[in-house]
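So the chains spell out like this:
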Amino acid sequence: MTEQYITDMAQAIVAAHSATFASENSRLPAQPTPSATSAEAVYLAALQACSELGFIAIDAECLAQAWQHQTKRTGQFDAAHWPDAPQDFGLTGADPKLAFPACPRALGLYGVLPTAEWVGRMARAGVPTVQLRFKSEDPDAIRREVRAAVAAVQGTNAHLFINDHWQAAIDAGAYGVHVGQEDLDALQGSQLDAIRASGLRLGVSTHGYAEMVRAHAVQPSYIALGAVFPTTLKKMATAPQGVARLQAYVRLMQQYPLVAIGGISAEQFPDILATGVGSIAVVRALVNAADPEGAAAHLLDCMQP
């Protein structure tokens, strides 16, 4: 294949998808095309195109490989068909015996909260899924706060996830644990086995295609997708993903319960829910509200179709 042929295919991809991924509300800066790992023409064209559409190197690589697999599987190159088949990303064939326990398909409104007191308060307000994100270097303080959070949801219908502190979550009998990508990478196989064997559900944060593929490798209970919009709560290594990318991620990862997270306000709930996610996670919308219980009631109403 000539270089011009590859360039023409790349331009066809960009032309077909720039209205989606490079629109005013979804635009991310074009990225340098990473070094190629294949000489296949479709792969090279997609690598170039996805970089131009603003996908970082690891995601452009992931998409380029998927586009090559899609072309081989279907027998033709289709610039208009953005890859969304799990098999083209290597998301099939996992051993179901190694999957983490299931959780509800729709986790609903998901409050990410700083203390056990907040966890109990929002659970009593009817928030169906809550997460304790307690930041401390003191192991004893962590264990106390996790136990207090588990006690705080007793008598409510809330599902409680503990951010990061998986051993304390096991010991206290929490519903599940949530980890970020770096925390997932740091977990040894025996530690993942211990979490799975305990019956805890596992949620994993992702920020793009490559991280979704990485998360799938451990078959978690749910996958969080974000940050959808800018957030000041934590420094993000990746740019806000936007609704267009969120929608593409949902099409690919629909085998999992999915949680959208990152800078989402009540006004944005309809657009987020229209992507097909079963849950929206919020932080500031609850803990910074003048009336947190009233804010929870309003957001619960916003979750209704």
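Residues numbered from 1 in each chain as written. Predicted model: local features only at pLDDT ≥ 70, side-chain atom pairs only at ≥ 80, totals over all residues. Heavy atoms only, no water.

Remarks on the side chain of Thr-129
Consideration 1: Mapped onto the elements of the fold, Thr-129 is located in strand β2 (residues 129–132).
Consideration 2: The class of Thr-129 is buried, set by a relative accessible area of 0%.
Consideration 3: Within polar-contact distance, the side chain of Thr-129 engages the backbone oxygen of Leu-107 at 2.7 Å.
Consideration 4: Apart from residues no more than four positions distant in its own chain, Thr-129 is found in contact with Leu-107, Leu-109, Tyr-110, Gly-111, His-159 and Phe-161. (Helix = DSSP H or I, 4+ residues; strand = E, 2+ residues; numbered from the N terminus. Buried < 20%, exposed > 50% of the residue type's maximum accessible area, 1.4 Å probe, protein only. Polar contact = N/O pair within 3.5 Å; in protein donor to acceptor, adjacent residues only side chain to side chain. Contact = heavy atoms within 4.5 Å.)

Quick word on the sheet that holds β2
Consideration 1: Here eight strands make up a closed barrel; going around it, the order is β1-β2-β3-β4-β5-β6-β7-β8 and the pairing parallel. Neighbour-to-neighbour, the strand axes of the sheet open up by a mean angle of 25°, direction not taken into account.
Consideration 2: Summarising the sheet, strand β3 (residues 159–163) and strand β4 (residues 176–179) pair through three bridges and their orientation is parallel. Bridging from a neighbouring strand, Ile-162 pairs with Val-177 of β4. (Pairing = 2+ DSSP bridges. Axes fitted to C-alpha atoms, helices over the stretch in contact; angles between N-to-C directions.)

What to know about the nonpolar core
Consideration 1: By size, the foremost hydrophobic cluster in this structure holds 92 residues, and its most contacted members are Phe-55, Trp-82, Val-130, Leu-160, Tyr-209 and Ile-272.
Consideration 2: For this core, the leading source of residues is helix α2 (residues 41–52), giving eight residues.
Consideration 3: Residues within four places of Trp-82 in sequence aside, it is in contact with His-17, Phe-21, Cys-50, Leu-53, Phe-55, Leu-63, Trp-67, Gln-70, Tyr-209, Ala-248 and Arg-251. (Core = buried A, V, L, I, M, F, W, Y, C linked by side-chain atoms within 4.5 Å.)

Description of the pairing of β2
Taken residue by residue, a regular strand's side chains alternate between the two faces of the sheet.
Consideration 1: Here β2 shows two buried faces, one formed by Thr-129 and Gln-131 and the other by Val-130 and Leu-132.
Consideration 2: With four bridges joining them, strand β1 (residues 108–113) and β2 adopt parallel strand pairing. Note that in β2 the partner of Tyr-110 across the bridge is Thr-129.
Consideration 3: For the segment spanning β1, helix α4 (residues 116–124) and β2, crossover handedness is right-handed.
Consideration 4: Alignment of β2 against β3, held across four bridges, turns out to be parallel. Following the sheet pairing, Leu-132 is matched in β3 by Ile-162.
Consideration 5: Crossover handedness for the path β2 to helix α5 (residues 139–152) to β3: right-handed. (Right-handed = clockwise from strand over helix to strand, strands pointing away.)

Quick look at the packing of α4 against helix α13 (residues 292–302)
For any two helices packed against each other, the geometry comes down to the angle between their axes and how far apart the axes lie.
Consideration 1: Where α4 contacts α13, the two axes come as close as 9 Å, and the packing angle between them is 50°. As far as their axial angle goes, α13 and α4 are oblique. The crossing of α4 and α13 is right-handed. Between α4 and α13, the contacting residues are Trp-118, Arg-121 and Met-122 on the first element and Pro-292, Glu-293 and Ala-296 on the second.
Consideration 2: Among the residues forming the contact of α4 with α13, the class breakdown is four nonpolar, no polar and two charged. (Parallel < 35°, antiparallel > 145°, perpendicular 65-115°, else oblique. Left-handed = near helix turned anticlockwise from the far one by under 90°. Nonpolar A, V, L, I, M, F, W, Y, C, P; charged D, E, K, R; others polar.)

Digging into the environment of Gln-31
Consideration 1: With respect to the helices and strands, the residue Gln-31 is situated in the loop between α1 (3–21) and α2.
Consideration 2: On the basis of relative accessibility, which here comes to 28%, the residue Gln-31 falls in the partly exposed class.
Consideration 3: A polar contact of 3.0 Å, which involves the side chain of Gln-31, links it to the backbone oxygen of Pro-29.

Examining the packing of aromatic side chains
Consideration 1: Per the stated rule, a full pass over the model turns up 11 aromatic pairs.
Consideration 2: Residues Phe-21 and Phe-55 carry aromatic rings whose centres are separated by 5.5 Å and whose planes lie at 70° to one another, so their mutual orientation is edge-to-face. Here Phe-55 lies in the loop between α2 and α3 (57–74) and Phe-21 lies in helix α1, a separation of 34 residues in the sequence. Neither Phe-21 nor Phe-55 differs from the other in exposure class; each is buried. (Phe/Tyr/Trp six-rings, centres within 6.5 Å; stacked < 30°, edge-to-face > 60°.)

Observations regarding unusual backbone geometry
Consideration 1: Between Gly-226 and the following residue, Ala-227, the backbone shows a cis peptide bond with an omega angle of -10°.
Consideration 2: As for its placement among the helices and strands, Ala-227 is situated in the loop between β6 (222–226) and α10 (242–252).
Consideration 3: Backbone geometry at Asp-164 places phi at a positive 75°, although glycine is not the residue there.
Consideration 4: Tracing the backbone shows Asp-164 in the loop between β3 and α6 (166–172).
Consideration 5: Despite not being glycine, Gln-219 has its phi angle at roughly 50°, a positive value.

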